[in-house]
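Survey of secondary and tertiary structure
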Amino acid sequence: MKPMLDDTIKVIISSQCQLGEGAYFAKAHNCLFWVDILGQRLFRLDCQSMRVSQFTMPEPICWVMETEQGELVAGFAKGVYKLNSEDFSRELVYAIDHEPLQNRLNDGKTSRQGFGFFGSMDSQEQSSSGKLYRFGHGQTPTAVDHGYTISNGPAVSKNGQFLYSTDSDKQTIYRFTLSEQGELADKQEFIRFTDNMGFPDGMTVDSEDHLWVAAWNGYGIYRFAPSGEQVQFIRLPAPRVTSVAFVGEELTHLAVTTAAVGLEDSVLADYPHSGGVFILEPGVKGIAETPLKL
């Protein structure tokens, strides 16, 4: 039986991503960006015209951020690059060449002070060789946490005092205290998903300091209070939900990416929007992402 659509869903974009990820609203461009990591594609939605464009990349692309100058910076499998906003050609900024051969970069976000944080992971999802990196303010990428199998979803609290980081394989969201200099301390297990919730993936924080979490194999997104208490769940017609970002001039809409990779044909028949992007109206506003201070 095909699932009913939640009435919070306003737009469905059929981007047919193998592994849709990295939803990011670039305010200076008034565009939503997201990536298909396995399909090696970057997508751009012009939020004024609602026109979607896609660009093929030379290797897996994992996340996009906007800099203070309105430039775009992207994490690829093995490095951080600047992107030309016209033709989306790339220029290497930092090579990440000390990771194990099977590792690649994964999710990334900025802090309220403009530091960039991103993770790495074993592309086979077997080894806990992944790390969490910090860069920005003239600093090269530096590992600030270790032991991740699937490093995911960095997000930062409204006041910038906490950073949330996920190891999806462990079904655990960690919370760190975050200094203005980008230093992490006091790592704690903050939220642990149960098996029926799926696996926590990408995250963002809203204007009420609540944490929104995409649920891989969880068919939706969860909202948690600053205490870690679950307060809401929005079910979506896609099993593998991967990332979330508030979009639009007033940040009243929530973009949600999904994946189709690994789903059997029978599941895809029931969930044909898998790999697409859902634009929701959740009834709460988001917080603008702080541009990266490269």
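Refer to the structure above for everything that follows.
Here goes a summary of the coordinates provided. Quick caveat, the model's predicted, so the values are computed rather than measured. (Residues numbered from 1 in each chain as written. Predicted model: local features only at pLDDT ≥ 70, side-chain atom pairs only at ≥ 80, totals over all residues. Heavy atoms only, no water.)

**Section: the overall build of the protein chain**
A count of helical and extended segments in the protein chain gives 1 helix and 24 strands. For 294 residues, the compact-globule estimate of 2.2 N^0.38 gives 19 Å, and the protein chain sits close to it at 17 Å. Expressed as lengths along the three principal axes of its C-alpha atoms, the size of the protein chain is roughly 50 × 45 × 40 Å. With 294 residues in all, the protein chain has 58% of them scored as buried. When contacts within the protein chain are restricted to residue pairs at least 6 apart in sequence, long-range pairs at least 24 apart make up 47% of them. (Helix = DSSP H or I, 4+ residues; strand = E, 2+ residues; numbered from the N terminus. Rg over C-alpha atoms; globule rule 2.2 N^0.38 Å. Buried < 20%, exposed > 50% of the residue type's maximum accessible area, 1.4 Å probe, protein only. Contact = heavy atoms within 4.5 Å.)

**Structural notes on the state of the cysteines**
Working definition: the covalent bond between the sulfur atoms of two cysteines is a disulfide. For the structure shown, the criterion picks out 0 disulfides. With no disulfide of its own, cysteine 17 has cysteine 62 as its nearest cysteine by sulfur position, at a separation of 13 Å. Under the relative-accessibility criterion, cysteine 17 is labelled buried at 1%. There is no disulfide at cysteine 31, and the cysteine sulfur nearest it, in cysteine 47, is 6.3 Å away. (Disulfide = S-S within 2.5 Å.)

**Some words on the pattern of salt bridges**
A complete count under the given rule lists 11 salt bridges for this structure. For the salt bridge of lysine 131 with glutamate 99, the shortest nitrogen-to-oxygen distance reads 3.5 Å. Placement of the pair is lysine 131 in strand β12 (residues 130-136) and glutamate 99 in the loop between β9 (90-95) and β10 (103-110), with a sequence separation of 32 residues. Comparing lysine 131 with glutamate 99, the two get one shared label, buried. For the salt bridge of aspartate 206 with arginine 223, the shortest nitrogen-to-oxygen distance reads 2.9 Å. A residue pair is termed long-range when its members are at least 10 positions apart, and aspartate 206 in the loop between β18 (199-205) and β19 (211-216) and arginine 223 in strand β20 (residues 220-224) qualify at 17 residues. The class for arginine 223 is buried, based on a relative accessible area of 10%. Each of the salt bridges in this network shares a partner with another, and the network as a whole consists of Asp206, Glu208 and Arg223. (Salt bridge = Lys/Arg side-chain N within 4 Å of Asp/Glu carboxyl O.)

**Considerations on the sheet that holds strand β16 (residues 172-178)**
The strand order across the open sheet formed by 4 strands is β14-β15-β16-β17, and the pairing between neighbours is antiparallel. The open sheet terminates on both sides in strands that have one partner only, identified here as β14 (151-156) and β17 (184-192). Between one strand and the next, the sheet's axes are offset by a mean angle of 25°, whatever the strand orientation. With 4 bridges joining them, β14 and strand β15 (residues 162-167) adopt antiparallel strand pairing. Directly across from asparagine 152, in β15, lies its bridge partner threonine 166. (Pairing = 2+ DSSP bridges. Axes fitted to C-alpha atoms, helices over the stretch in contact; angles between N-to-C directions.)

**Some thoughts on the environment of histidine 146**
Relative to the elements of secondary structure, histidine 146 occurs in strand β13 (residues 139-148). Its relative accessible area of 48% is what places histidine 146 among the partly exposed residues. Apart from residues no more than four positions distant in its own chain, histidine 146 is found in contact with Gly130, Lys131 and Lys187.

**Concerning the sheet that holds strand β3 (residues 31-36)**
Taken in spatial order, the 4 strands make up an open sheet running β2-β3-β4-β5, and their pairing is antiparallel. Each edge of the open sheet is held by one strand with a lone partner, namely β2 (20-26) and β5 (52-56). Averaged over all neighbouring strand pairs, the angle between strand axes comes to 20°, with direction disregarded. Of the strand pairs in this sheet, strand β4 (residues 41-46) and β5 are connected by 5 bridges, and their pairing is antiparallel. Directly across from phenylalanine 43, in β5, lies its bridge partner glutamine 54.

**Regarding the nonpolar core**
One finds Leu42, Ile61 and Trp63 to be the most contacted residues of the largest nonpolar core, which totals 32 residues. Sorting the residues of this core by element identifies β2, β3, β6 (61-66), β7 (72-76), β8 (79-83) and β12 as the ones contributing at least two each. Residue contributions to this core peak at 5 residues, all from β6. When residues no more than four places from it in sequence are discounted, the contact partners of isoleucine 61 are Val35, Asp36, Ile37, Gln40, Arg41, Leu42, Ala74, Gly75, Phe76 and Leu83. If you look at the next biggest cluster of nonpolar residues, it comprises 29 residues, including Ala23, Leu32, Val244 and Val256. (Core = buried A, V, L, I, M, F, W, Y, C linked by side-chain atoms within 4.5 Å.)

**So, the side chain of aspartate 36**
In this structure, aspartate 36 sits in strand β3. In this view, aspartate 36 contacts Gln16, Cys17, Gln18, Leu19, Gly20, Arg41, Phe43 and Ile61; residues no more than four positions away in its chain are not counted.

**Side note on the packing of aromatic side chains**
Enumeration over the complete set of coordinates arrives at 16 aromatic pairs. A connected cluster of aromatic rings, assembled from ring pairs, spans Trp63, Tyr94, Phe118, Tyr133 and Phe135. We note arginine 90 situated over the ring of tyrosine 81; from NZ or CZ to the ring centre the distance is 4.0 Å. (Phe/Tyr/Trp six-rings, centres within 6.5 Å; stacked < 30°, edge-to-face > 60°. Lys NZ or Arg CZ within 6 Å of the ring centre and 35° of its normal.)

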